[in-house]
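Coordinate inspection notes
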Amino acid sequence: MLSTLANPRATPYLFPMASPEIEALTQALSRLPGLGPRSARRAVLHLLKKREGALGPLRAALEAVDERLETCATCGNVDTSNPCAICADPRRDARALCVVEEVADLWALDRARLFPGRFHVLGGRLSALEGVRPEDLSIDALVRRIESGGIDEVVLAMNATLEGQTTAHYLVERIERFPVRVTQLAHGLPVGGELDYLDEGTLAQALRARRPVA
């Protein structure tokens, strides 16, 4: 042992930091988006210190969601009810339909409280490199919703990527035969953005979408 302490290059002892159960919890949290090993370890320590006020409610909430989690058969959102709370809300404007790639996009738009209508989740985007084809997405379900009537506007809220724009163009081709207004989110300069910090794609889109000054 003395020789190991005297030699800093010696192989360190690989003692476990905690019990297998706590290590498993740390590893599970570290796989969540935005949480690395260090952040997960801090979160676990907080949960252990606040066992009654944090760990218990978290466990109960996870169990409740796990037991009741469903995918909305209408729009593809995930919720604890089917149809989801958005589709079941009578205050929503059923004439406006916003199409998004993923559930995360739906939540982001709805969190802004700027769109009063309803949504449709494709479950991804077309990608030749990743082998994602139209039949792999809920595009046919979207066409059926539009074909059933009652929708005046379809908002294509695709991400500003090559795959996202390819998906938007394909959707336009599929729904152009219906008497609905098809719009797309504008892309360009963000509020508060400085030109020097923007990428060339954003600048190019901003120039293409320029409008007259009143």
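Note that the coordinates shown come from a computational prediction; the quantities given were computed from them, not determined experimentally. (Residues numbered from 1 in each chain as written. Predicted model: local features only at pLDDT ≥ 70, side-chain atom pairs only at ≥ 80, totals over all residues. Heavy atoms only, no water.)

**Description of the overall build of the protein**
Along the protein, the regular secondary structure elements total nine helices and six strands. Taken against the 2.2 N^0.38 rule, which gives 17 Å for 214 residues, the C-alpha radius of gyration of the protein at 24 Å runs more than 25% over that of a compact globule. Judged by the C-alpha coordinates and their principal axes, the protein covers about 80 × 45 × 40 Å. In the protein, which comprises 214 residues, the share counted as buried stands at 27%. (Helix = DSSP H or I, 4+ residues; strand = E, 2+ residues; numbered from the N terminus. Rg over C-alpha atoms; globule rule 2.2 N^0.38 Å. Buried < 20%, exposed > 50% of the residue type's maximum accessible area, 1.4 Å probe, protein only.)

**Things to note about the UniProt feature "zinc finger region: C4-type" (unreviewed entry) in the protein**
The feature "zinc finger region: C4-type" (unreviewed entry), as given by UniProt, occupies residues 72-87 in the numbering adopted here. Annotation note: span residues 72-87, helix share 19%, strand share 12%, distance between end C-alpha atoms 8 Å. (UniProt positions renumbered as here; feature names shortened; annotations may be inferred.)

**Quick notes on the nonpolar core**
Within the largest apolar cluster, 18 residues are counted, with the highest numbers of intra-cluster contacts made by Val99, Leu122, Leu142, Ile146, Val154 and Leu171. Among the secondary structure elements, those contributing two or more residues to this core are β3 (93-100), α7 (139-147), β5 (153-156) and α8 (162-175). Broken down by element, this core gets its largest block of residues, four residues, from α7. What Ile146 contacts, discounting residues up to four positions off in sequence, is Ile151, Val154, Ile175, Phe178 and Val180. (Core = buried A, V, L, I, M, F, W, Y, C linked by side-chain atoms within 4.5 Å. Contact = heavy atoms within 4.5 Å.)

**Describing the sheet that holds strand β6 (residues 181-184)**
Spatial strand order, β4-β3-β5-β6: four strands in an open sheet with parallel pairing. The open sheet has two free edges, formed respectively by β4 (117-121) and β6, since each of these has just one partner strand. Neighbour-to-neighbour, the strand axes of the sheet open up by a mean angle of 25 degrees, direction not taken into account. Across the sheet, α7 lies against β3, β4 and β5, angled at about 150 degrees from β4, the strand it touches most. (Pairing = 2+ DSSP bridges. Axes fitted to C-alpha atoms, helices over the stretch in contact; angles between N-to-C directions.)

**Here we look at the environment of Thr167**
Looking at where Thr167 falls in the secondary structure, it is placed in helix α8. In this structure, the C-alpha to C-alpha distance between Thr167 and Ile139, residues 28 residues apart in sequence, is 9.9 Å. Separated by 2.9 Å, the side chain of Thr167 and the backbone nitrogen of Leu126 make a polar contact. (Polar contact = N/O pair within 3.5 Å; in protein donor to acceptor, adjacent residues only side chain to side chain.)

**Examining α7**
Among the residues of α7, Ile139, Leu142, Val143, Arg145 and Ile146 are the ones counted as buried. Down the axis of α7, the buried set is contained in an arc of 160 degrees. They therefore lie on one face. Of the exposed residues in α7, the ones pointing more than 90 degrees away from its buried face are Arg144 and Glu147. Contacts from the buried residues of α7 go to β3, β4, β5 and α8. Following α7 by one or two positions, Gly149 has its phi on the positive side, about 90 degrees. (Arc of directions from axis to C-beta.)

**What about the UniProt feature "domain: Toprim" (unreviewed entry) in the protein?**
Within this structure's numbering, the places UniProt gives as "domain: Toprim" (unreviewed entry) are residues 95-190. In residues 95-190, the share of helix is 33% and the share of strand is 20%. The end C-alpha atoms are 29 Å apart.

**With respect to the packing of α7 against α8**
Closest axis-to-axis distance for the α7/α8 pair is 11 Å, and the angle between their directions is 40 degrees. Viewed along their axes, α7 and α8 adopt a mutual orientation that is oblique. Handedness of the crossing formed by α7 with α8: right-handed. Packed against α7, whose contacting residues are Ile139, Asp140, Leu142, Val143 and Ile146, the element α8 presents Tyr170, Leu171, Arg174 and Ile175 at the interface. Residues belonging to the contact of α7 with α8 are distributed by class as follows: seven nonpolar, no polar and two charged. (Parallel < 35°, antiparallel > 145°, perpendicular 65-115°, else oblique. Left-handed = near helix turned anticlockwise from the far one by under 90°. Nonpolar A, V, L, I, M, F, W, Y, C, P; charged D, E, K, R; others polar.)

**Thoughts on unusual backbone geometry**
Along the chain, Asn82 connects to Pro83 via a cis peptide bond; the corresponding omega equals 5 degrees. Relative to the assigned elements, Pro83 resides in the loop between β2 (78-79) and α5 (85-88). In the Ramachandran plot, Arg113 falls in the positive-phi region, its phi being about 60 degrees despite a non-glycine side chain. Inspection of the secondary structure assignment puts Arg113 in the loop between α6 (103-111) and β4.

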